[in-house]
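Summary of the model geometry
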Amino acid sequence: MSLTVRMVTLPFLAPFTTSFGTEAKRDALILQFDSEGVRALAECVTSVGPYYSYEDNQTALHVMRDHLARLLKDRPTPQEFMMAAEHIRGHNMAKASMEMLLWDYHSKTRGVPLTRDLGPTKGYADVGISLGIDKEEVTLKRVEDAVERGYQRVKLKIEKGKEYEIVNSVRDAFPEITLSADANSCYRLGDAPALKRLDRFGLIYLEQPLEHDDLLDHAKLARMISTPICLDESITSAERARQAFEIGAAQVVNIKPGRVGGLGNSIQIAKAARQHDGHVWVGGMLETGVGRSFNISLASTRLVDYPGDTSPNEKYFAKDIVKNPFRMAGGRILPNKAPGIGVDLDDPFLARVTKKSWKLL
Ligand code: OSB
Ligand code: MG
């Protein structure tokens, strides 16, 4: 039995800018668990710094190495692993990477595609695109390209003070498309008048306008604007999802398995949302094809009803570490059919882009 974590660096085709910063490359932690002839894989969604959340690659490595790795020795189920890890507060991304590793491991052990183990499936994921902040003409070109490629929804990253002009110009050029905006927590409740001005653009939702851990002010904002609110950062567990829907802080939830501690919690959150007549979609963290494959399996379940940020590998990387990148057709991506996540690693390329590796078991 062995557990290896590799730090893999892949340059982005174009820098990705959000209200919290710009990333030019992905430094991904790729986990590999080998046991009894089965090789399981997963990806930790942390990045170089604690900007999207308090976790980053270094905290995740520490928590995995010093607290979580030993829990894998008995090859627990994902549920058993999460129970054993319950005494560790937070660190959902570190936990999620191992939880997902175990989903892949057990699905592969039984020779079943991961999608089948996640419950009733649609058989495909509906795909939207997330566009980073850029100059107006660049954004307009990217939207045009996305529409041509068949993306079912376009999400624009926005920043405080510049939200109106960018949404206005995209909406003006594309009156019919399904459009959303993601603030990544850059506003406060006092900015409600500026956010109310976005109501006229008929956005399908406004994603995470207020603080990364807030519910209450989102509930207040929801009563002041007509655009539905989608929460991303604020939803870290099924309990938080239930609370958010109960107080009217959200009508939509962006589920990222990494943020919420894995696929088990993702499914619980989706169920909580649907019980409250909320909408559900699967987000992304600029993952390589390894992390993406989990998202696409989750996005294929019947619990997910809105297009997600699950664009195919080619959007971000000239070359991915997987040999079988996802292809999108008609705005949909089919999950892999091979056992587990069904991803074929390009081992020589992986070795070339690996900057460092650690043996945790
Ligand atoms: O808020 O959804 C977000 C990327 C990094 C951090 C946060 C977010 C995002 C994205 C990218 O929107 C979505 C993708 O992976 O394609
Ligand atoms: Mg978001």
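Up top is the structure these notes are about.
Residues numbered from 1 in each chain as written. Chains lettered and ligands numbered in written order. Predicted model: local features only at pLDDT ≥ 70, side-chain atom pairs only at ≥ 80, totals over all residues. Heavy atoms only, no water.

1. A few points about the coordination of the magnesium ion (ligand 2)
- Taken together, Asp182 (OD), Glu207 (OE) and Asp232 (OD) make up the protein donors of the magnesium ion (ligand 2), found 2.1 to 2.3 Å from the metal.
- Counting the intervening residues between successive donors of the magnesium ion (ligand 2) yields the motif D-x24-E-x24-D. Pair noted here: Asp182 is in strand S7 (residues 179-182) and Asp232 is in the loop between strand S9 (229-231) and helix H9 (238-247), with a separation of 50 residues, a long-range link.
- Of the residues examined, Asp232 reaches a relative accessible area of 0% and is grouped as buried. (Donors = N, O, S within 2.8 Å, 3.2 Å for Na, K, Ca; no water. Helix = DSSP H or I, 4+ residues; strand = E, 2+ residues; numbered from the N terminus. Buried < 20%, exposed > 50% of the residue type's maximum accessible area, 1.4 Å probe, protein only.)

2. Focus on unusual backbone geometry
- Unusually for a residue other than glycine, Arg75 sits at a positive phi of about 50 degrees.
- As for its position among the elements, Arg75 is in the loop between helix H1 (57-68) and helix H2 (78-84).
- On the basis of relative accessible area, Arg75 is assigned to the partly exposed category, the value being 29%.
- Positive phi values are uncommon outside glycine, yet His91 reaches one of about 55 degrees.
- Considering the arrangement of structural elements, one finds His91 in the loop between H2 and helix H3 (92-109).

3. A closer look at the sheet that holds strand S4 (residues 125-126)
- Taking strand neighbours across the sheet as the criterion, the three strands line up as S4-S13-S12 in an open arrangement whose pairing is antiparallel. What marks the edges here is a single partner per strand, and that holds for S4 and strand S12 (328-329).
- Summarising the sheet, S4 and strand S13 (residues 332-333) pair through two bridges and their orientation is antiparallel. What sits directly across from Ala125, in S13, is Ile333. (Pairing = 2+ DSSP bridges.)

4. What to know about the site of ligand 1
- Taken together, 18 residues are adjacent to ligand 1, and Ser130, Asn184, Leu286, Arg292 and Tyr316 come closest.
- Between ligand 1 and Asn184, the relevant distance is 2.8 Å, taken from an oxygen atom to a side-chain nitrogen or oxygen of the residue.
- Interatomic distance of 2.7 Å between a side-chain N/O atom of Arg292 and an oxygen atom of ligand 1.
- Within the complex, 97% of the 390 Å² of free accessible area of ligand 1 lies under protein.
- Here the residues of the shell around ligand 1 are counted per class, giving six nonpolar, four polar and eight charged. (Near = heavy atom within 4 Å. Polar contact = N/O pair within 3.5 Å; in protein donor to acceptor, adjacent residues only side chain to side chain. Areas by Shrake-Rupley, 256 points an atom, 1.4 Å probe, with all protein chains shown as cover. Nonpolar A, V, L, I, M, F, W, Y, C, P; charged D, E, K, R; others polar.)

5. Some thoughts on the packing of H1 against H3
- Running from N to C, H1 and H3 cross one another at 60 degrees; their axes reach a closest spacing of 8 Å. Considered as vectors, H1 and H3 are oriented oblique to each other. Judged by the sense of rotation from one axis to the other, the crossing of H1 with H3 is right-handed. Side by side, H1 and H3 meet where Ala60, Val63, Met64 and Leu68 of the first sit next to Ala94, Lys95, Ser97 and Met98 of the second. (Axes fitted to C-alpha atoms, helices over the stretch in contact; angles between N-to-C directions. Parallel < 35°, antiparallel > 145°, perpendicular 65-115°, else oblique. Left-handed = near helix turned anticlockwise from the far one by under 90°. Contact = heavy atoms within 4.5 Å.)

6. Some points on the sheet that holds strand S14 (residues 354-359)
- On the basis of which strands lie adjacent, the open sheet formed by four strands has the order S3-S2-S1-S14 and antiparallel pairing. Only two strands of the sheet have a single partner each, and these edge strands are strand S3 (38-44) and S14. The sheet shows a mean angle of 25 degrees between the axes of neighbouring strands, taken without regard to direction.
- Summarising the sheet, strand S1 (residues 2-18) and S14 pair through five bridges and their orientation is antiparallel. The residue of S14 that forms the bridge with Arg6 is Ser357.
- Its contacts with the sheet place H1 against S1, strand S2 (21-35), S3 and S14, and it is angled at close to 15 degrees to S2.

7. Quick notes on the environment of Leu13
- Tracing the sequence through the fold places Leu13 in strand S1.
- Distance from Leu13 to Ile177, taken between C-alpha atoms, is 25 Å for residues 164 residues apart in sequence.
- Apart from residues lying up to four places away in sequence, Leu13 is in contact with Glu314, Lys315, Tyr316, Phe317 and Ala318.

8. Observations regarding the packing of aromatic side chains
- Counted under the stated rule, the structure contains nine aromatic pairs.
- Ring centres 6.4 Å apart and planes at 55 degrees place the aromatic pair Phe20 and Tyr52 in the tilted group. Of the two residues, Phe20 is situated in the loop between S1 and S2 and Tyr52 in the loop between S3 and H1; the sequence distance between them amounts to 32 residues.
- One aromatic cluster is present, formed by Phe12, Phe16, Tyr316 and Phe317 through successive ring pairs.
- Stacked on the ring of Tyr164, the Lys or Arg Arg197 has its end atom at 4.0 Å from the ring centre.
- The ring of Phe349 is capped by Lys319, whose NZ or CZ atom sits 4.6 Å from the centre of that ring. (Phe/Tyr/Trp six-rings, centres within 6.5 Å; stacked < 30°, edge-to-face > 60°. Lys NZ or Arg CZ within 6 Å of the ring centre and 35° of its normal.)

9. Observations concerning the pairing of S1
- Across the 17 residues that make up S1, a large majority, 13, are buried.
- Relative to S2, S1 is paired through 13 bridges, and the arrangement is antiparallel. Along S2, the bridge assignment pairs Met7 with Leu29.
- Joining the antiparallel neighbours S1 and S2 is a turn of two residues.

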